[in-house]
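The lines below spell out each chain.
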Amino acid sequence: MIDLNQFKIDCANVRKQSPLTHCITNYVAMEINANALLAIGASPLMSFAPEEMDEIVRISNALVINIGCLDRHEIEGMKAAAEAAVKYGKPWVLDPVGAGASRLRTETALELIKEWHPTVIRGNASEIMVLAGSSIVSKGVDSNNSSSDALDGAKALAAITGSVVSISGATDYITDGYRVETICNGHPIMSKVTAMGCTASALTGAFAAVSRSPFEAALHAMAVMGVAGDIAAAKCKGAGSMGVEFIDALSNFDAEANAKLIRQ
Amino acid sequence: MIDLNQFKIDCANVRKQSPLTHCITNYVAMEINANALLAIGASPLMSFAPEEMDEIVRISNALVINIGCLDRHEIEGMKAAAEAAVKYGKPWVLDPVGAGASRLRTETALELIKEWHPTVIRGNASEIMVLAGSSIVSKGVDSNNSSSDALDGAKALAAITGSVVSISGATDYITDGYRVETICNGHPIMSKVTAMGCTASALTGAFAAVSRSPFEAALHAMAVMGVAGDIAAAKCKGAGSMGVEFIDALSNFDAEANAKLIRQ
Amino acid sequence: MIDLNQFKIDCANVRKQSPLTHCITNYVAMEINANALLAIGASPLMSFAPEEMDEIVRISNALVINIGCLDRHEIEGMKAAAEAAVKYGKPWVLDPVGAGASRLRTETALELIKEWHPTVIRGNASEIMVLAGSSIVSKGVDSNNSSSDALDGAKALAAITGSVVSISGATDYITDGYRVETICNGHPIMSKVTAMGCTASALTGAFAAVSRSPFEAALHAMAVMGVAGDIAAAKCKGAGSMGVEFIDALSNFDAEANAKLIRQ
């Protein structure tokens, strides 16, 4: 079970400390991720030039690497950033978007994991299953599998890598290989708004900057996502207003009142 | 005249089959195109790395190439993707954004047409006129011409290339060089929301994946665009809420009820 | 004090002349900047390929260079565009996003200033202070300093470079090194919407294309930003709807009525 007191402390700390959260993310997600980070009180920075990765990571409080729009040059930036995160001891989150859809994606994700040990790996079921070694058929960047299908693989992946693994889906699972926590909030319409998974990864980065453990950071980020998703889904009139209401819900997030809405 | 029964079948099939629609598109349009595709029931994937084009196109159901943000590296990805679309027999849509505004754009669009024969070419009047050989003065990415000005050129372009040509404007024209169909839906405020043309191309791709003919795919996509535009324009309070209402209208699109609103 | 009559003339001219405003900007800001430009009546064009910069700048009415997402290739495009702006006598605006956060950003901004003399430099306090030679500690792309801290540096920077300098913040300062004007409109929630600074730069570009002086262009753009921000802040329910209401306010901007709301 989530420690509600610690959840409130982490939410308050994101607003108070405003962690500089450096995202190397895909171009689809950039604006919504920046807005989601601002809405919860963090300070986003989007940059991928290899030349400035060392300096940017050094002044940042967390790094998020999302492989949604890969190219040679971005991969170079990702590696330089991950290297710097290890060097400066900054927590970093890997979002292996579309792992399984191409060798380039699968291999890039695996290399980042092996060489620079992400603090948290956050993906959908298909992506986590691919990284855990399953030979599943990928369908682009959306998952073909339910999050529970990926739980065993996630536990194994966490145990081998030392990363916390966070699977998003109708039920979210967060595991460090030993413990497993679930978040049952959220609404199917969230899957009709692009980059919601990427946003979960961005928030996980912000929480990792202030939380006392990566496991709690991943858990609290998914709790915020799910509760804000519930609130927004109840107010929206379709997938367009869902995106707007979701950011409104994040910016109005009241950890004291909203903590009661977490379903586990 | 549009076959309303077939229109409803195509709309239902987009939701049922959720075609994986691979877009190489400009960075302005990426988020809205992903959201528009999700809203009509398709599954978007945005990628342009040449290294993964063959694999991504192979698992996709349609490809959309939009030359809005050209650079050397993206052009390499576009060519690899078009090559793969031909190889795997996948329908593909070309959006020649800004053709006429620079030699790079005009020549890239013409090369893609000549070498890899798009299933559908969808552009505004100025772009289609440039591709059809007119020496018009381009003004950036917005059209200086009305869609009717481009109809003769569109018919000739379709006849020569074998592509269906779809011109968006106050009246949309869809032609295969022989037949011409029109859609008269839509509202001027749509031109105040960026990437609406790009969105039309993205939806054309999704419809091309499920439709029995490219001509119907292009026609049905423009019908959905126009009707959703009408619905959204009646509800919005300005250009910002227009974008939100438009995605809401797509996600709430009821082919049974909305088909009656199509004006031809 | 702002000349309200001239303000109304400039606002009307943006709608009437619809200046083609070419933006080389970061991927976070592209969509919102394009929508903001469309909303005030301008015509946006987003392009950065070095190969087409000469042609694109030649047909454009203004250029905006925003260094938010730098990489080698984009820098090459920026230099080619600035070169063309000088060659064709087009006004151009520099937004030195994150200057001070990395050497790459600081040096690129300084080189663009020294070599191609921007018409207007628009940044937040920290960025302007860095360019004016202060050794301040940068925190990413958000400002650590209040705009008044940067005023002396801005005046010196303007006097040395010949550029108008526009600092955004709770109070906006616009100076040509001799005159200083202020705009006190706007609301803190604007800082919770990403790319608002970038949008100010984009609008400054559009106004520079129609205004009788760069100083008035910068001033009038900040007045529109601030008043639209006030209007949107009064209507929004959070940071998400703030972004939507802001574009609505721009598209409904009534220079006659809204000019009265300007606070100086």
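First, a word on scope: everything that follows refers to the structure included in this document. In this text, all values refer to a predicted model and were calculated from it rather than measured experimentally.

## Re the sheet that holds strand β1 (residues 20–24) of chain A
All names here are of chain A. Taken in spatial order, the 8 strands of this open sheet run β2-β1-β3-β4-β5-β6-β7-β8, and their pairing is mixed. The open sheet has two edge strands with one neighbour each: β2 (43–46) and β8 (180–183). With strand direction ignored, the average angle separating the axes of adjacent strands in the sheet is 20°. As paired elements, strand β5 (residues 120–124) and strand β6 (residues 164–168) share 5 bridges and run parallel to each other. Its bridge partner lying in β6, Asn124 is registered against Ser168. Against the sheet, helix α5 (residues 103–116) makes contact with β3 (62–66), β4 (92–95) and β5, and its axis sits at roughly 160° relative to β4, the strand it touches most.

## With respect to the side chain of C:Thr175
Residues and elements named next belong to chain C. By secondary structure assignment, the location of Thr175 is in strand β7 (residues 172–175). A polar side-chain atom of Thr175 sits 2.9 Å from the main-chain amide nitrogen of Gly177. What Thr175 contacts, discounting residues up to four positions off in sequence, is Ala154, Lys155, Ala158, Ser163, Val164, Val165, Val180 and Phe215.

## Section: the relation of the copies chain A and chain B
Mapping chain A onto chain B is achieved by rotating through 120° and translating by 0.0 Å along the same axis, at an RMSD of 0.0 Å. Overall, the copies show the geometry of a three-fold rotation axis. Across chain A, the smallest distance between a C-alpha and the rotation axis is recorded for A:Tyr27, namely 3.6 Å. An overlap of only 10% is found between the interface residues of chain A and their copies at the interface of chain B, pointing to separate contact surfaces.

## Notes on the interface of chain A and chain B
With 29 residues of chain A in contact, the opposing surface of chain B contributes 31 residues. Carbon and sulfur atoms make up 53% of the surface buried where chain A meets chain B, a total of about 2500 Å² over both sides. Across the contact surface, chain A and chain B share 5 salt bridges. Note that B:Glu245 and A:Lys237 form a salt bridge whose closest N and O atoms lie 3.0 Å from each other. At the level of secondary structure, the elements contributing two or more residues to the side of chain A that touches chain B comprise α2 (30–40), α5 and α10 (239–251) of chain A. Per-element tally for the side of chain A that touches chain B: the top contributor is α10(A), with 4 residues. Looking at the side of chain A that touches chain B residue by residue, the class counts come to 11 nonpolar, 9 polar and 9 charged.

## Points about the packing of aromatic side chains
Per the stated rule, a full pass over the model turns up 12 aromatic pairs over all chains. Taken together, a centroid distance of 6.2 Å and an interplanar angle of 75° make the contact between A:Phe7 and A:Phe253 edge-to-face. Within this pair, whereas A:Phe7 is found in helix α1 (residues 4–17), its partner A:Phe253 is found in the loop between α10 and α11 (255–258), the two being separated by 246 residues in sequence. For A:Phe7, a relative accessible area of 0% puts it in the buried group. Under the relative-accessibility criterion, A:Phe253 is labelled buried at 10%. Seen in terms of ring centroids, C:Tyr27 and C:Phe48 are 6.3 Å apart; in terms of plane orientation they differ by 40°. Their pairing is tilted. One end of the pair, C:Tyr27, is in the loop between β1 (20–24) and α2 (30–40); the other, C:Phe48, is in the loop between β2 (43–46) and α3 (53–59), with 21 residues separating them in the sequence. The class for C:Tyr27 is buried, based on a relative accessible area of 5%. Overall, the relative accessible area of 2% leaves C:Phe48 in the buried class. Ring pairs connect the aromatic residues A:Tyr27, A:Phe48, B:Tyr27, B:Phe48, C:Tyr27 and C:Phe48, which therefore count as one cluster.

## Description of the pairing of strand β6 (residues 164–168) of chain C
If a strand is regular, its side chains alternate between the two faces of the sheet. Residue and element names in this part refer to chain C. Buried residues dominate β6, accounting for 5 of its 5 residues. Of the two faces of β6, the one holding Val164, Ser166 and Ser168 and the one holding Val165 and Ile167 are both buried throughout. Note: β6 against β7, 3 bridges, orientation antiparallel. Paired with Ile167 across the strands is Tyr173, a residue of β7. Once β6 ends, the chain turns through 3 residues before running back antiparallel as β7.

## Considering the interface of chain C and chain A
Opposite the 29 residues of chain C that make contact, chain A presents 31 residues. Around 2500 Å² of area is buried between chain C and chain A when both sides are counted, 53% of it from carbon and sulfur atoms. Across the contact surface, chain C and chain A share 5 salt bridges. The salt bridge involving C:Arg72 is made with A:Glu51; its shortest N-O contact spans 3.0 Å. At the junction of chain C and chain A, the tally comes to 14 residue pairs in polar contact (both at pLDDT 80 or more). Of all the secondary-structure elements, those providing two or more residues to the side of chain C that touches chain A are α2, α5 (103–116) and α10 (239–251) of chain C. Tallied by class, residues from the side of chain C that touches chain A come to 11 nonpolar, 9 polar and 9 charged.

## As for the relation of the copies chain C and chain A
The two copies are related by a screw operation: chain C maps onto chain A through 120° of rotation and 0.0 Å of translation along the axis, at an RMSD of 0.0 Å. When you check the interface residues of chain C against chain A, a mere 10% turn up at the interface there too, and the two sides of the contact use different surfaces.

## Some words on helix α7 (residues 151–161) of chain A
Residue and element names in this part refer to chain A. Among all positions of α7, only Leu151, Gly153, Ala154, Leu157, Ala158 and Thr161 are buried. Each buried residue of α7 sits inside an arc of 155° when the element is viewed along its axis, so together they form one side. For α7, the exposed residues set more than 90 degrees away from the buried face come down to Asp152 and Ile160. On its buried face, α7 is in contact with α5, β5, α6 (125–131), β6, β7 (172–175) and β8. Phi turns positive one or two residues past the end of α7, at Gly162, with a value near 80°.

## Quick look at the packing of α10(A) against α10(C)
Direction vectors running N to C along α10(A) and α10(C) enclose 130°, while the axes themselves pass 5 Å from each other. Here α10(A) is positioned oblique relative to α10(C), judged by the angle of their axes. Of α10(C), the residues touching α10(A) (which contributes A:Val244, A:Ile247, A:Asp248 and A:Ser251) are C:Ala239, C:Gly240, C:Ser241 and C:Val244. Looking at side-chain class alone, the contact of α10(A) with α10(C) contains 4 nonpolar, 3 polar and 1 charged residues.

## Observations concerning the sheet that holds strand β1 (residues 20–24) of chain B
Residues and elements named next belong to chain B. Judged by pairing direction, the sheet is mixed, and its 8 strands sit side by side in the order β2-β1-β3-β4-β5-β6-β7-β8 without closing on themselves. One side of each edge strand has no neighbouring strand; the edge strands of this open sheet are β2 (43–46) and β8 (180–183). Here the average twist between neighbouring strands, direction ignored, is 20°. In terms of strand pairing, β1 meets strand β3 (residues 62–66) through 4 bridges, oriented parallel.

## Things to note about the pattern of salt bridges
Under the counting rule described, the total for this entry stands at 39 salt bridges over all chains. Salt bridges sharing partners connect three or more residues here, namely A:Asp3, A:Arg212 and A:Glu216.

## A look at the side chain of C:Asn258
Residue and element names in this part refer to chain C. Its location among the elements puts Asn258 in helix α11 (residues 255–258). Looking at Asn258, the relative accessible area reads 10%, which means it is buried. Contact partners of Asn258, with chain neighbours within four places excluded, come to Val227, Ile231 and Phe253.

About the cut-offs
Residues numbered from 1 in each chain as written. Chains lettered and ligands numbered in written order. Predicted model: local features only at pLDDT ≥ 70, side-chain atom pairs only at ≥ 80, totals over all residues. Heavy atoms only, no water. Pairing = 2+ DSSP bridges. Helix = DSSP H or I, 4+ residues; strand = E, 2+ residues; numbered from the N terminus. Axes fitted to C-alpha atoms, helices over the stretch in contact; angles between N-to-C directions. Contact = heavy atoms within 4.5 Å. Polar contact = N/O pair within 3.5 Å; in protein donor to acceptor, adjacent residues only side chain to side chain. Least-squares fit on C-alpha atoms with pLDDT ≥ 70 in both. Buried area = accessible area lost by both parts, 1.4 Å probe. Salt bridge = Lys/Arg side-chain N within 4 Å of Asp/Glu carboxyl O. Nonpolar A, V, L, I, M, F, W, Y, C, P; charged D, E, K, R; others polar. Phe/Tyr/Trp six-rings, centres within 6.5 Å; stacked < 30°, edge-to-face > 60°. Buried < 20%, exposed > 50% of the residue type's maximum accessible area, 1.4 Å probe, protein only. Arc of directions from axis to C-beta. Parallel < 35°, antiparallel > 145°, perpendicular 65-115°, else oblique.

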